Amino acid sequence: MAESGVTDGLCNTDDIERSKTEGKELTKEEKQRLRKEKKQQKKNKEKNDEKTSHEGEKKKNKKKKEEQPAGSASQPPAQPSPKAVPAPAPPPPAAAAVPVPASEAPAPADKPAKSKADLKAERRARQEAERASKGKKGDVGQPAPTGKLKAPPSELQPVVKRLPEHVQVDNPEVVKKLAKKLERQQIPLRSDYGYKVSLFSHLHQYSRKAPLTQQLGIPSTVIHPAIVRLGLQYSQGIVAGSNARSVALLHAFQQVIRDYTTPPNEELSRDLVNKLKPYISFLNQCRPLSASMGNAIKYIKKEISNIPSQCKEEEAKIKLLNCIERYINEKIVLAAKAIAKYSIEKISDGDVILVYGCSSLVNHILCEAFEKKRKFRVIVVDSRPRLEGREALRRLVQKGISCTYVLISAVSYILPEVSKVFLGAHALLANGYVMSRVGTSQIALVAKAFNVPVLVCCETYKFCERVQTDSFVSNELDDPDDLIVTRKGKTQLEHWQKVPSLGLLNLVYDVTPPDFVDLVITDLGMIPCTSVPVVLRVKNVDQ
Amino acid sequence: MELQAVLMAAGGGSRMPDLTYNTPKPMLPVGNKPLMWHPLNLLERVGFEEVIVITTKEVQKMMSTDPKMKDVKMKLDVVCIQEDGDMGTADALRHIQQKIKTDVLVVSCDLITDVALHEVVDLFRAHNATLAMLMSKAHDFTETVPGQKGKKKTGEQRDFVGVDQSGKRLLFMANEADLEDGLSIRKSIMRKHPRMHIKTGLVDAHLYCLKKAVVDFLADNKSISSIRGELLPYLVRKQFSKTTNCPKSKDDADDQTQKTADGSTNSTELLICSRDEPLLQLAQERSCWNDHRGDMSEAYHGGKLRCYVHIMDQGLCYRVNTLAAYIEANRLASKLLEEPAVHPSAVISERCQMGPDSIIGAQCQVADKTSIKRSTIGNSTTVKEKVKVTNSIIMHGVTIEEGCNIHGCVICSNAVIGRGADLKYCLVGNGQQIEAEGEAHSFHTSTFNMLSLFSPPTVTRGT
């Protein structure tokens, strides 16, 4: 490829980098360029200039085309080395070439201001040709427009992604960009509240007492009322839990679709997706979206874009509503039944099962197992400040299951009695880590120490292509005032904001490494934790 | 559309006859704006674009001529009803049932408040409630009311309001008049909400968010005529009634089809229960949230009909239905309004002393050596020299001759106060004339009392 004829070492690496980022489609362009570079071998420095200005221009043009943020690309040294952090997936990587700092970093640091006008014109002409050919191929090979898919496996390059907005709250440029985007969509910006612990200062922290509806007009016209209601329910915690949030989201989308009318000169498949974008931003402001919600949104957007243009509006709407019903039925209701079936095989008589918090799926499994006359008892472990275990306890005891209730501080005391641990998951990450309610990894760790098998139950629609190895880089900070408790009329933490050295941290999620998880029970069967990428790949091929 | 606003402006103002015998209550000036302008302003600020105003023909006529009402940029859909006073608020709502397409926000015309409306509406939205209302802690009125001797009569009926532990869910509402044998609470309510706070010192702001199904229910049940008096206690009681707590989905469908045919109350009651769609049910089942703890039931105890109340601790909330409230509202009106206190078209001479909390209306003429403190002066009023006005409310078109001393009075429109009159805590009715050198203390004048003020001698302690 590029190695053969070129003598300039730096040009070599540039070419290789570029070929890596731009894909094999450009081999023809590569050869063209090589030939031209051979002709201009004498002027090495100029070539450097050209390359860098070429990349600069290419970058600039691409930025204009794709409206990519210029912020991070223009400060490659300042960027927190994106390669090192296994970053969660970024906003749409558009056509195959991602003009990324990584390809620039090895580029020569000296970029002298002089660049010949005619060489520039030549470069520009070549760029147009490249872009034309790339445009055709890029559309074909493009993954779904939103969210967190990696580059399709056919490309096999280490494409570096940008960090998503919600983990860059301490970067004022990103915040400004978000503010601009929200302003464009006419959605109010929710301001952060209280002092944030420094390790987590890159995440949002909102107060429940300052809901987003304060800044909205009351008969909400910009945002559909069902979405406003949903956002309120999310931020107040009335709808909590991964499955519940997804179902409620899809229900709200059903109402949006029912009330939607295509404006004249617009196509439903494109306009409806555009209508949904501000709603999704609004919901994100109320409470950061969960992985399952993200997957559901991706599915809906795909279904909407796949509506043929000659389809009538009524038919299209009915079709979409049915899709939503089907999705919920297949991915949540039937999946729960399948998982229950598999799990019941793993529950034997005389078992002592430990559960943590309130996972709708685990509760469902235990209730089903009890109905199938298995004899077991349950230990419910709970933790502050949410105290969700009480709700789980209520549901299990209502069915007639004998339960014990402890707080997480007693888990090592109670574990010798336990024969199995069933945990629910918020999401399963692509490297096999389990993202779940904060405290889950502790339980898994202690269970491992006691050699108690840990089984994680998770539907496949919660599998997510993100990769995370710690709980710091991406998490959710809940309202710190939830930690304040009043006992015997005294509230010790009432004025915590006045103490300058005190910070309250209310984490919501944590990640459990796959070494602590023995089995993942999904609707596809019982798989080990490390098989998650396989499932993801199979899912992508299917869709 | 999410909410439709309805402004009830047909009330008579029966508790302040001296003020309202000439001017209908919705058009009484408060801070030089008609009374109904204030709730309209609240709705406009919050973002409403259309309001349905239910009022009488007289008020409609006055509205169209009043310049302040033209400031209201929202689209006002005025519906006129008869003035005979037989129509209660619920009857009015039934009258406009055809116009109601979504949930309603009912506001009374005499509400002056600076509440953050989203607090009430958020309760309505988040809990999918059937009713959400606003109440406020009552403030004692400190100003002396003209014509009233001593303290306010305590014969007024108290309202008992029961809320749950969080202070948001409305469990019990009754007026003292209805509780002859004492306050009794059903055991089923106590079992579900063992901790109930019962409050009496609350002012009902008459601001209600109602579901559309309630309006449809009203259309079928013609016996309910007042929202506050009958509909609200009915809804609060219905939260805990057995029929609303265990409807099966099939029954709902059957009852829906026979709604108008079947005259029995069962079908009409079930209409109110918000039939949660199956997906919403599924979401609620999967959600790990409960509004109470300690017993075995699910969120909301499985009840479909929920009533919520937002109780304001701080901030202004007045219902201007008595004279005392009217005076208090005028005092505080300057805080609520964003306009400058002195209207630009008023002609005020330089040697006049004006306090900062006085409001002067348009086209007033205030002459030299006058002193105006803590007062509201209406439009087109003439105040001649050497007049001292303190703590008073002077409406439109009043003429105050020289040398008058007016303290703590309410002087209605088009009155004439003669030279040198000394009025303390008086209420001068519409178009009345106080003779020169008259003195009055704690006096109400209206058409009936005019005769007694013919001659200048001092008159004290009138009715």
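Okay, so let's go over this structure. (Residues numbered from 1 in each chain as written. Chains lettered and ligands numbered in written order. Predicted model: local features only at pLDDT ≥ 70, side-chain atom pairs only at ≥ 80, totals over all residues. Heavy atoms only, no water.)

1. A short note on the interface of chain A and chain B
Listed by partner, the interface residues are 39 residues for chain A and 32 residues for chain B. Note on chain A versus chain B: buried area summed over both sides is about 3,200 Å², and carbon and sulfur give 61% of it. At the boundary of chain A with chain B, the tally comes to 0 salt bridges. Counting every contact that joins chain A to chain B gives 15 residue pairs in polar contact (both at pLDDT 80 or more). Counting only elements with at least two residues in the side of chain A that touches chain B, the list comes to helix 8 (225-236), helix 9 (242-258), helix 12 (313-346) and helix 14 (389-399) of chain A. Element by element, the count of residues in the side of chain A that touches chain B is highest for helix 9 of chain A, at 8 residues. Looking at the side of chain A that touches chain B residue by residue, the classes come out as 18 nonpolar, 14 polar and 7 charged. (Contact = heavy atoms within 4.5 Å. Buried area = accessible area lost by both parts, 1.4 Å probe. Salt bridge = Lys/Arg side-chain N within 4 Å of Asp/Glu carboxyl O. Polar contact = N/O pair within 3.5 Å; in protein donor to acceptor, adjacent residues only side chain to side chain. Helix = DSSP H or I, 4+ residues; strand = E, 2+ residues; numbered from the N terminus. Nonpolar A, V, L, I, M, F, W, Y, C, P; charged D, E, K, R; others polar.)

2. A word on the pattern of salt bridges
Residues and elements named next belong to chain B. The final tally for this structure, using the stated rule, is 33 salt bridges over all chains. One salt bridge connects K137 with D313, and the closest N-O pair in it is separated by 2.8 Å. You can see K137 sitting in strand 8 (residues 131-137) and its partner D313 sitting in the loop between strand 13 (307-312) and strand 14 (317-319), a full 176 residues away along the chain. For K137, a relative accessible area of 37% translates into the label partly exposed. The closest approach of N and O atoms between D204 and R228, which form a salt bridge, is 2.2 Å. Of the two residues, D204 is situated in strand 12 (residues 202-210) and R228 in helix 9 (residues 227-238); the sequence distance between them amounts to 24 residues. For the residue pair D204 and R228, the accessibility class agrees, reading buried in each case. (Buried < 20%, exposed > 50% of the residue type's maximum accessible area, 1.4 Å probe, protein only.)

3. What about the sheet that holds strand 15 (residues 347-348) of chain B?
Note on sheets: strands pair through backbone hydrogen bonds, and any given pair is parallel or antiparallel. Residues and elements named next belong to chain B. With parallel pairing, 6 strands are arranged side by side in an open sheet as 15-18-21-24-27-30. What marks the edges here is a single partner per strand, and that holds for strand 15 and strand 30 (433-434). Two elements, strand 24 (residues 399-400) and strand 27 (residues 416-417), share 2 bridges in a ladder whose sense is parallel. Bridge pairing in strand 27 links T399 to V416. (Pairing = 2+ DSSP bridges.)

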